[in-house]
Amino acid sequence: MNFDELKHIWKAHTDQHESESRVSISEIQRMIHSRSQSALVKINRNMVLDLIAMTVVGGALIFWMWRNDFSFNMTEILVMSAILIGIGLFYWQKYRLLNRPSLTTDNLKDSLAEITRVLGIFMKIYFYSIVILVPLLGSGGILYGFYKGGNQSGRDMENIPTEVWGVVGVTMIVYSALAILASRWYVNRLFGVHYRELNLCLQELEEHH
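Numbers given to residues run from 1 along each chain, matching the order in which its sequence is written. With the structure being a predicted model, the display of local features is reserved for residues of pLDDT at least 70 and the display and counting of side-chain atom pairs for 80 or more, all residues being used for whole-chain, interface and lining totals. Calculated side-chain values reflect all of the structure's heavy atoms, with hydrogen atoms and water omitted.

## Comments concerning the overall build of the chain
- The helix and strand labels rest on DSSP assignments: H or I over at least four residues marks a helix, E over at least two residues marks a strand, and numbering proceeds from the N terminus. The number of helices and strands found in the chain is 4 helices and 0 strands.
- For the chain, the N- to C-terminal ordering of α and β elements is α-α-α-α.
- Put simply, the chain has 209 residues, and 25% of those count as buried.
- Residue contacts are counted whenever heavy atoms from the two residues lie within 4.5 Å of one another. Within the chain, contacts between residues separated by at least 24 positions form 82% of all contacts whose residues are at least 6 apart in sequence.
- Total accessible area computed for the chain in this model is approximately 14,300 Å², and 66% of it derives from carbon and sulfur atoms. Buried residues are those whose accessible area, probed at 1.4 Å on protein chains only, stays under 20% of the maximum for their type, while exposed residues exceed 50% and partly exposed ones sit between those limits. All accessible-area figures derive from a Shrake-Rupley calculation using a 1.4 Å probe, and residue coverage is judged against the displayed protein chains alone.

## Section: a nonpolar patch on the surface
- Here, patches come from residues exposed beyond 30% relative accessible area and free of salt bridges, joined within 9 Å for like charges and within 5 Å for nonpolar side chains (Val, Leu, Ile, Met, Phe, Trp, Tyr). What counts as a salt bridge is simple: a side-chain nitrogen of Lys or Arg found within 4 Å of a carboxyl oxygen of Asp or Glu. A grouping of Phe127, Tyr128, Val131, Ile132, Leu133, Leu136 and Leu137 is seen on the molecular surface, where their side chains present a nonpolar patch of about 710 Å² in accessible area.
- If you trace the backbone, Phe127 turns up in helix 3 (residues 108–152).

## Some words on the confidence of the model for the chain
- Per-residue confidence from the predictor is given as pLDDT, running between 0 and 100. Residues of the chain with pLDDT of at least 70 account for 76%, and the chain-wide mean is 77.
- Throughout residues 5–10 the model reports pLDDT below 50, and contacts reaching past four residues in sequence, or to other chains, amount to 2 contacts.
- Here residues 12–23 is a poorly scored stretch, pLDDT under 50, and it has 0 contacts once near neighbours within four places are set aside; other chains count.

## A short note on the nonpolar core
- In terms of nonpolar packing, the biggest core is built from 25 residues, with Ile43, Leu98, Leu112, Phe191 and Leu198 touching the most fellow members.
- Among the elements of the structure, helix 1 (3–67), helix 2 (74–98), helix 3 and helix 4 (162–207) are those that each provide at least two residues to this core.
- Sorting elements by how many residues they give to this core places helix 3 first, with 9 residues.
- Apart from residues lying up to four places away in sequence, Leu98 is in contact with Leu40, Ile43, Met47, Ile115, Val118 and Leu119. By nonpolar core we mean a set of buried residues, namely Ala, Val, Leu, Ile, Met, Phe, Trp, Tyr and Cys, connected to one another through side-chain atoms within 4.5 Å.

## Notes on helix 2
- Multiply 1.5 Å by the residue count of a helix minus one, and that product is the helix's expected span. If you check helix 2, its first and last C-alpha atoms are 36 Å apart, about what 25 residues at 1.5 Å a residue would give, namely 36 Å.
- Those residues of helix 2 that sit buried are Glu76, Tyr91, Lys94, Leu97 and Leu98.

## Section: the packing of aromatic side chains
- Only Phe, Tyr and Trp rings take part, Trp by its six-membered ring, and two of them pair if their centres are within 6.5 Å. Stacked means planes under 30 degrees apart, edge-to-face means over 60, and tilted covers everything else. A full pass over the atoms with the stated rule returns 5 aromatic pairs.
- Their ring planes at 85° and their centres at 5.4 Å tell us that Phe90 and Tyr91 sit as a pair that is edge-to-face.
- In this structure an aromatic cluster arises from ring pairing among Phe90, Tyr91, Phe122, Tyr126 and Phe191.
- Geometry around Phe191 places Lys94 over its ring, the cationic atom sitting 3.3 Å from the centre. Each ring is checked for a lysine NZ or an arginine CZ that lies within 6 Å of its centre and within 35 degrees of its normal; such an atom marks a charge sitting over the ring.

## Re the pattern of salt bridges
- Overall, the coordinates contain 4 salt bridges when judged by the stated rule.
- A salt bridge links Arg100 to Glu114; the shortest N-O distance between them is 3.7 Å. Residue Arg100 is found in the loop between helix 2 and helix 3, and its partner Glu114 is found in helix 3; the two are separated by 14 residues along the sequence.
- Since its relative accessible area comes to 52%, Arg100 is described here as exposed.
- One continuous salt-bridge network, built from bridges that share partners, spans Arg35, Glu197 and Glu204.

## Quick look at the side chain of Ser183
- Position of Ser183 among the secondary structure elements: in helix 4.
- Note on Ser183: relative accessible area 18%, which makes it buried.
- Here Ala179 takes part through its backbone oxygen, which lies 2.7 Å from a polar atom of the side chain of Ser183.
- Among residues more than four places away in sequence, those in contact with Ser183 are Ile130 and Val134. Here a polar contact is taken to be a pair of N or O atoms separated by no more than 3.5 Å, where protein atoms must pair a possible hydrogen donor with a possible acceptor and residues adjacent in sequence count only if both atoms sit in side chains.

## With respect to the environment of Arg45
- With respect to the element layout, Arg45 can be found in helix 1.
- Remark: the alpha-carbon pair of Arg45 and Leu190, spanning 145 residues in sequence, is separated by 9.1 Å.

As structure tokens, then:
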């Protein structure tokens, strides 16, 4: 076997190896794209489910207040409206930013990096909301409901016995602890699992580049 034949055989082997490598990387990219797309679809679906759940809970609360003859002044109505608008804008912005990059195999790494970056920001917002806002709003809601109920039944808040306030305080603490645990589980099930999947896809993609 002369040198030219040996060079030809080596070139054929190298070309075949490079071709197989390109096919392998391409297949890996398709798999990662499929997993990423599936995770993003589930996140979008869960955002809709989350909004529906909040609407049902809010509607049930309003119905309960209406049945128990709760009345609201203009300030209370404006505050509740502002909260509802804020929640709506939060979810609209989240959906818009997460779906702005187009997940395709051509720009998979860049779009996946942007999606995980945006979702990471929202996950931090969820975390701080759970730790700070959930107990604050929950405890505030209990106190406000107690205050409204006392006003509408003609009871003076200053004349409420100390032991009653003690029960209200314990209720607020227990509720806050349970609300934090439940909210963390809820957010993890709806978004955290898929956020970690997207991060894993990005890491695998970077390893094969």
